[in-house]
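One letter stands for each residue in the lines below.
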Amino acid sequence: MSSTPNTSVDVIVVGAGFAGLYALHKFRSQGLSVRVFEGAPDVGGTWYFNRYPGARCDVESVDYCYSFSDELQQEWTWTEKYATQTEILAYITWVADKLDLRRDITFDTRVTGAVLDERTLRWTVTTDAQETVEARFLVMATGPLSAALTPDFKGLSNFRGEVYHTAHWPHAGVNFTGKRVAVIGTGSSGVQSIPIIADQAEQLYVFQRTPNYSVPAGNRPLTADEIADIKANYTQRRERSWRSGGGSPHVAHPKLTMEASPEERRAAFEKRWELGGVLFSKTFTDQMVSLEANDEARKFYEEKIRAVIDDPDLADLLIPDDHPIGTKRICTDSNYFQTFNRPNVTLISVRNTPIESIDDTGINTSAAHFEIDALVLATGFDALTGALAKVDIVGRGGQRLVEDWGDGPRTYLGLGTDGFPNLFLVSGPGAPAVLANMVLHAEAHVNWIADAITYLGDHGYSAIEPTADAVDGWIAECARRAEGTLFTKANSWYMGANVPGKPRTFMLFIGGFATYLDICNEVAAAGYKGFDLLKAP
Ligand code: FAD
Ligand code: NAP
């Protein structure tokens, strides 16, 4: 193993999902030399790994794709309102081929460490293939939802049946026909996969800790006319998305919830319900701020869900009562609640009867033993900080990022942090990230970083680093905005609540996508206000 760098490039990008791929294309088009490292054998990130049955996007396909090239937009044709994982991965693969991206990506290789040379202000990156590469800029496109979480269930390793995590699904697929299956977890991944597993399995046990809000996706094939219309008006559609609160082109009802008459309110909720999915939480602009407004949405929701569940006692268990609607990400489903009307599906409330252990034949709760052939863990991710924490990033004075963030992530604009010059984060904490359409969000971050790199070059600087004051100010600003909403009232992964021991802090910028972009642009236009611009000797 060599301890001296064997390669030197302008930019190292970690990750080859939507964000890392666009970063490679963008930086390359600026004339920079780029090297991408990706732990997986191929491109796709989220869409490479999450192959569980029913996996789809919950932002409409026509919006959940790159906007930077009209050629790409016009050439690709989405077949469904919410594309399957297979179709999204095919799209990403197509883009990677079309832009000839693979030649600068090293696959099957994880970045394990990155150390700053304070004298040269350059990064030395090491990989699990024992390679060492040096670069001026380090861009962590490691994904907000890429570190899968397996809870520490007592005895899990003793189980003799099949075990699958939704985020590491076998490529060959899994056939549950004739099997007794348990799914633990009822977040978006569980909610999407449970109806399909129930169709196959002889018996399905669903272990639910917290009931979740889920709105029918209303998925359907896109017609040729719809596609033609969208393609003809893509520019305007994208403009609306860039100026929106969440990166998609839909606007909230023009009145506040309680300003609308009961009939008008109901009609607005009904319209959003028909639109399908996660956007239901944005029917009215005050829905995530006012408990009274939120409760109107919740009541409408409850009525809809109770209507499709046969057993009222089961409905009581399936309908959340511990957090306002939308404060955990609303799931998007196809026949989720109807699945519990089936004779081969049993709901087990982990709240009422906790999982105590797993043994060689199945799951033991405080009330019973469930004998199973296969166990599906739909237990989510160490979100936003999990993938970053797996890389030993060492900045000024030997300071480790993971220690620096011991009380919660510290960023300025979600783009960088003090003590770590020329380290950029994409779609991580301190940005809207998962609250927005993540493809546009990744484009916005990469474009901002690309502009900053150009600015440094044009003005004779070699590095950019947020000041500690700017970072502290941004953390306070994010917290202030979050406290003005209902989001802090839920034990969500936005708050780090799903990972034992993780600091409890709202990790995102809640002020809206367009507002956030305005702030980032103002900072750049003011000569990178809040950043120190540095010259290496
Ligand atoms: P990722 O796609 O996660 O890519 C990060 C890559 O970095 C991964 O391939 C990983 O292997 C690699 N990596 C990480 N650490 C290292 C390392 N140390 N060394 C080398 N490689 C590393 N968002 C939406 O906006 N709309 C949706 O509909 C939507 N649906 C989703 C569905 C699922 C099942 C999940 C899990 C997430 C979904 N998301 C959705 C969020 C989704 O993660 C983002 O939309 C987007 O795909 C993230 O792209 P990314 O490139 O930032 O990260
Ligand atoms: P998640 O939302 O975090 O859900 C994990 C589930 O596992 C929750 O029900 C959680 O219960 C449960 N769980 C975790 N630990 C447990 C334990 N020890 N015992 C019992 N239950 C436990 O994860 P996810 O479903 O993978 O989704 C994560 C995010 O990815 C989503 O919010 C979304 O942003 C994205 N995603 C999107 C889609 C889509 O529709 N396009 C699909 C999948 C994922 P608690 O709620 O009590 O913690």
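Residues numbered from 1 in each chain as written. Chains lettered and ligands numbered in written order. Predicted model: local features only at pLDDT ≥ 70, side-chain atom pairs only at ≥ 80, totals over all residues. Heavy atoms only, no water.

The protein appears in an unreviewed UniProt entry as NAD(P)/FAD-dependent oxidoreductase from Mycolicibacterium pallens. Recorded under Sequence similarities (unreviewed entry), the UniProt text for the protein is reproduced unchanged: "Belongs to the FAD-binding monooxygenase family." Quoted verbatim from the Cofactor (unreviewed entry) field of the UniProt record, the comment on the protein reads "FAD". (UniProt positions renumbered as here; feature names shortened; annotations may be inferred.)

A. A look at the overall build of the protein. The secondary structure content of the protein amounts to 16 helices and 20 strands. Computed over the C-alpha atoms, the radius of gyration of the protein is 23 Å, within 12% of the 24 Å expected from 2.2 N^0.38 for a compact globule of 537 residues. Dimensions of the protein along its principal axes, counting C-alpha atoms only, are 70 × 60 × 45 Å. Looking at the protein as a whole, 57% of its 537 residues qualify as buried. In the protein, once contacts between residues fewer than 6 apart in sequence are set aside, the share between residues at least 24 apart is 72%. In the form shown here, the protein has an accessible surface area of approximately 21300 Å², with 49% of it arising from carbon and sulfur atoms. Computed over 49 positive and 68 negative side-chain charges, the inter-centroid distance for the protein is 1 Å. (Helix = DSSP H or I, 4+ residues; strand = E, 2+ residues; numbered from the N terminus. Rg over C-alpha atoms; globule rule 2.2 N^0.38 Å. Buried < 20%, exposed > 50% of the residue type's maximum accessible area, 1.4 Å probe, protein only. Contact = heavy atoms within 4.5 Å. Areas by Shrake-Rupley, 256 points an atom, 1.4 Å probe, with all protein chains shown as cover. Lys, Arg positive; Asp, Glu negative; His and termini not counted. Charge placed at Lys NZ, Arg CZ, Asp CG, Glu CD.)

B. Structural detail: the site of ligand 1. Near ligand 1 there are 33 residues, and of these Glu38, Thr46, Asp58, Tyr64 and Val111 occur at the shortest range. Backbone polar atom of Gly39 to a nitrogen atom of ligand 1: 3.1 Å apart, as the coordinates give it. Arg110 places a side-chain nitrogen or oxygen 3.2 Å from a nitrogen atom of ligand 1. Notes on ligand 1: free accessible area 980 Å², of which the protein chains cover 95%. At the level of secondary structure, the elements contributing two or more residues to the shell around ligand 1 comprise helix H1 (18-29) and helix H2 (46-49). Ranked by residue count, the leading element in the shell around ligand 1 is H2, at three residues. Per-class residue counts for the shell around ligand 1 are 19 nonpolar, 11 polar and three charged. (Near = heavy atom within 4 Å. Polar contact = N/O pair within 3.5 Å; in protein donor to acceptor, adjacent residues only side chain to side chain. Nonpolar A, V, L, I, M, F, W, Y, C, P; charged D, E, K, R; others polar.)

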